[in-house]
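Geometric and topological summary
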Amino acid sequence: MARGVILLAAGGTGGHLFPAEALAHELNERGWTVHLATDDRAERFAARFPAAAIHPIQSATMGSKNPFAMLGAFWKIWRGVRQASATIARIKPDAVVGFGGYPTLPPLYAATRRKVPTLIHEQNAVMGRANRALAGRVDAIAGGFLPHDESSAAGAKTVTTGNPVRPPVLEAAKTPYAASSGEQPFRLLVFGGSQGAQFFSDAVPAAVAMLSEVQRKRLVITQQARADDVARVKAAYAALGVAVEVSPFFTDMAQRMAAAHLVISRSGASTVSEIAVIGRPALLVPYPYALDHDQAANAAALAAAGGGEVHPQSSLSPERIATLLRGLMDSPERLVAMAAGAKSAGRPNAARLLADLTEAIASKKNISDFRKGTHA
């Protein structure tokens, strides 16, 4: 018999949905029935999301300064609040957990109006705009990389859980790092997320062209690229005689990360958390157009542990990337040390801690009591 119902709310990108998926698996194992509220962007992830039902909820981004656009956004969000309120009345969740992104605003706002216990999880080192708007209303805040600030109202109800990672990531973390040396194949994984991949599609093939023929023969590359760029990226590598797989989306990214000798990627919170749990050396390139510059702060957390190097996109010419690749491909002992540093920053128990907090909120336990218990 199910213990009760938990409603998860997340924006429709992988960065928001992956930690929600990890929590859903943990809650299902504990006997909870999980529902998901999200937007229609989540369709490509929805098939494997472990929820009893997925509820599309209207929402809108509040980025425009145009008064008519703002009015339209407010109207869509209000319609979403009414949708979410009706869903909450029907499924009667014991708690509602938000993972950021504007699609979380209607469900969390509706839940607070209905006095349903609420929790938000902030993956990044800098709180996003949707979560900032909700922070004052919710019962508790879980942090992945959030700095601890007891002096603020939000800080007083924040618990550091880390970022939950999905079961395939935990499975991949069992694979120890094995360096590549001499003429052995060197597996390079390159990905940039839904917004940040185009830079890599331009810069990395150009950098690989500058490597020696011996180094190019060692390379086995997996690269995520936008659908519009796949053909030209494949052609660029084919002309260089480099073994490569290019796709807009890989369903087995955790296994590919575990197999990699080096990762070049953006530094979204989920990406950094998965690199750390699996324990792989990384060159992190924060997405320069992130609204809150959260990716730079996330990357700094991994770099501080010795698990990665942070390189601003503005500093990365193809020549510079080629220099970095040459140095790392010829320094297996350095990559081993970086892998260990990354692993030391990982939080493989984050899903369990977040599930504990969710259950505490659902049972209306005082947040300060819960925090004392986690530090006992």
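Please refer to the structure higher up on the page.
Notes on the structure in this doc start here.

Overview of the overall build of the chain
- Assigned secondary structure in the chain consists of 17 helices and 13 strands.
- In terms of C-alpha radius of gyration, the chain reaches 21 Å, essentially the compact-globule figure of 21 Å for 376 residues.
- Oriented by its inertia axes, the alpha-carbon framework of the chain measures out at about 65 × 50 × 40 Å.
- Here the chain holds 376 residues, and the buried ones make up 55% of them.
- Of the roughly 16000 Å² of accessible surface on the chain, a fraction of 55% belongs to carbon and sulfur atoms.
- Separation of charge centres in the chain, based on 40 positive and 29 negative side chains, amounts to 6 Å.

Quick look at the sheet that holds strand β10 (residues 243-247)
- Strands sit in the order β10-β9-β8-β11-β12-β13 across an open sheet of six strands; the sheet is parallel. Only two strands of the sheet have a single neighbouring strand rather than two, namely β10 and β13 (308-310). Strand-to-strand, the axes of this sheet are offset by a mean angle of 15 degrees, without reference to chain direction.
- Alignment of strand β8 (residues 186-191) against strand β11 (residues 262-265), held across four bridges, turns out to be parallel.

As for helix α4 (residues 105-113)
- Among the nine residues in α4, seven count as buried, and that is most of the element.
- Three or more residues of α4 are buried, namely L105, P106, P107, L108, A110, A111 and T112.
- On its buried face, α4 sits against β1 (5-9), β2 (33-38), α3 (67-91), β4 (95-98), β5 (118-122) and α5 (129-135).
- Remark: K115 follows α4 within two positions and exhibits a positive phi of approximately 65 degrees.

Remarks on the packing of aromatic side chains
- Scanning all chains against the criterion turns up two aromatic pairs.
- Each ring, one from Y287 and one from Y289, has its centre 5.6 Å from the other, and the planes form 80 degrees; the classification is edge-to-face.
- Across from the ring centre of F18, 3.9 Å away, lies the NZ or CZ of R166, which sits over that ring.

Observations concerning the side chain of Q123
- Assignment of secondary structure puts Q123 in the loop between β5 and α5.
- A polar contact is formed between the side chain of Q123 and the backbone oxygen of F99, at a distance of 3.5 Å.
- Those residues within four positions of Q123 in sequence are excluded, and the remaining contacts are G15, H16, P19, F99, G144, F145, N163 and A269.

Some thoughts on helix α1 (residues 14-29)
- With 16 residues, α1 should reach 22 Å at 1.5 Å per residue; the first-to-last C-alpha distance of 22 Å fits that figure.
- Every buried residue of α1 is accounted for by G14, L17, F18, P19, A20, E21, A22, L23, A24, E26 and L27.
- G31 occupies a position one or two residues after α1 and carries a positive phi of about 95 degrees.

Let's talk about the nonpolar core
- Judged by nonpolar contacts, the single largest core of 33 residues is most densely connected at L188, V208, L219, L262 and L325.
- For V208, the contacting residues outside a window of four places in its chain are R216, L219, I221, Y237, L240, V242 and L325.
- In this structure, L36, F49, F99 and L354 belong to the second largest nonpolar core, which totals 27 residues.

With respect to the sheet that holds β1
- An order of β3-β2-β1-β4-β5-β6-β7 is seen for the seven strands of this open sheet, with the pairing classed as parallel. In this open sheet, the two strands that pair with only one neighbour each are β3 (53-56) and β7 (158-160). With direction set aside, neighbouring strand axes in the sheet form an average angle of 25 degrees.
- Across three bridges, strand β6 (residues 140-143) lies against β7 in parallel orientation. Residue pairing across strands places A142 opposite V159, the latter belonging to β7.
- Here helix α16 (residues 350-362) sits on the sheet in contact with β1, β4, β5, β6 and β7, set at roughly 160 degrees to β5.

Here's the deal with the pattern of salt bridges
- In total, this model carries 15 salt bridges according to the counting rule given.
- Across the pair R30 and E359 runs a salt bridge, and its minimum N-O distance is 3.1 Å. Here E359 lies in helix α16 and R30 lies in the loop between α1 and β2, a separation of 329 residues in the sequence. The same class applies to R30 as to E359, namely buried.
- In this structure, a network of salt bridges that share partners links the residues R3, E26, R30, R352, D356 and E359.

A few points about the environment of L240
- For L240, the location among the structural elements is in helix α10 (residues 230-240).
- Given a relative accessible area of 24%, L240 falls into the partly exposed group.
- A C-alpha to C-alpha distance of 50 Å links L240 and P106, two positions 134 residues apart in sequence.
- Excluding its chain neighbours within four sequence positions, the residues that come into contact with L240 are P205, V208, A209 and R216.

Some remarks on the packing of α1 against α16
- Relative orientation of the contacting elements α1 and α16 amounts to 65 degrees, with a least axis distance of 9 Å. Between α1 and α16, the angle is such that the two are roughly perpendicular. In the crossing of α1 with α16, the sense of the turn from one axis to the other is right-handed. In contact with A22, L23, E26 and L27 of α1, α16 contributes A351, R352, L354, A355 and T358.
- Here the residues of the contact of α1 with α16 are counted per class, giving six nonpolar, one polar and two charged.

Reading the values: rules and limits
Residues numbered from 1 in each chain as written. Predicted model: local features only at pLDDT ≥ 70, side-chain atom pairs only at ≥ 80, totals over all residues. Heavy atoms only, no water. Helix = DSSP H or I, 4+ residues; strand = E, 2+ residues; numbered from the N terminus. Rg over C-alpha atoms; globule rule 2.2 N^0.38 Å. Buried < 20%, exposed > 50% of the residue type's maximum accessible area, 1.4 Å probe, protein only. Areas by Shrake-Rupley, 256 points an atom, 1.4 Å probe, with all protein chains shown as cover. Lys, Arg positive; Asp, Glu negative; His and termini not counted. Charge placed at Lys NZ, Arg CZ, Asp CG, Glu CD. Pairing = 2+ DSSP bridges. Axes fitted to C-alpha atoms, helices over the stretch in contact; angles between N-to-C directions. Contact = heavy atoms within 4.5 Å. Phe/Tyr/Trp six-rings, centres within 6.5 Å; stacked < 30°, edge-to-face > 60°. Lys NZ or Arg CZ within 6 Å of the ring centre and 35° of its normal. Polar contact = N/O pair within 3.5 Å; in protein donor to acceptor, adjacent residues only side chain to side chain. Expected span 1.5 Å × (residues − 1). Core = buried A, V, L, I, M, F, W, Y, C linked by side-chain atoms within 4.5 Å. Salt bridge = Lys/Arg side-chain N within 4 Å of Asp/Glu carboxyl O. Parallel < 35°, antiparallel > 145°, perpendicular 65-115°, else oblique. Left-handed = near helix turned anticlockwise from the far one by under 90°. Nonpolar A, V, L, I, M, F, W, Y, C, P; charged D, E, K, R; others polar.

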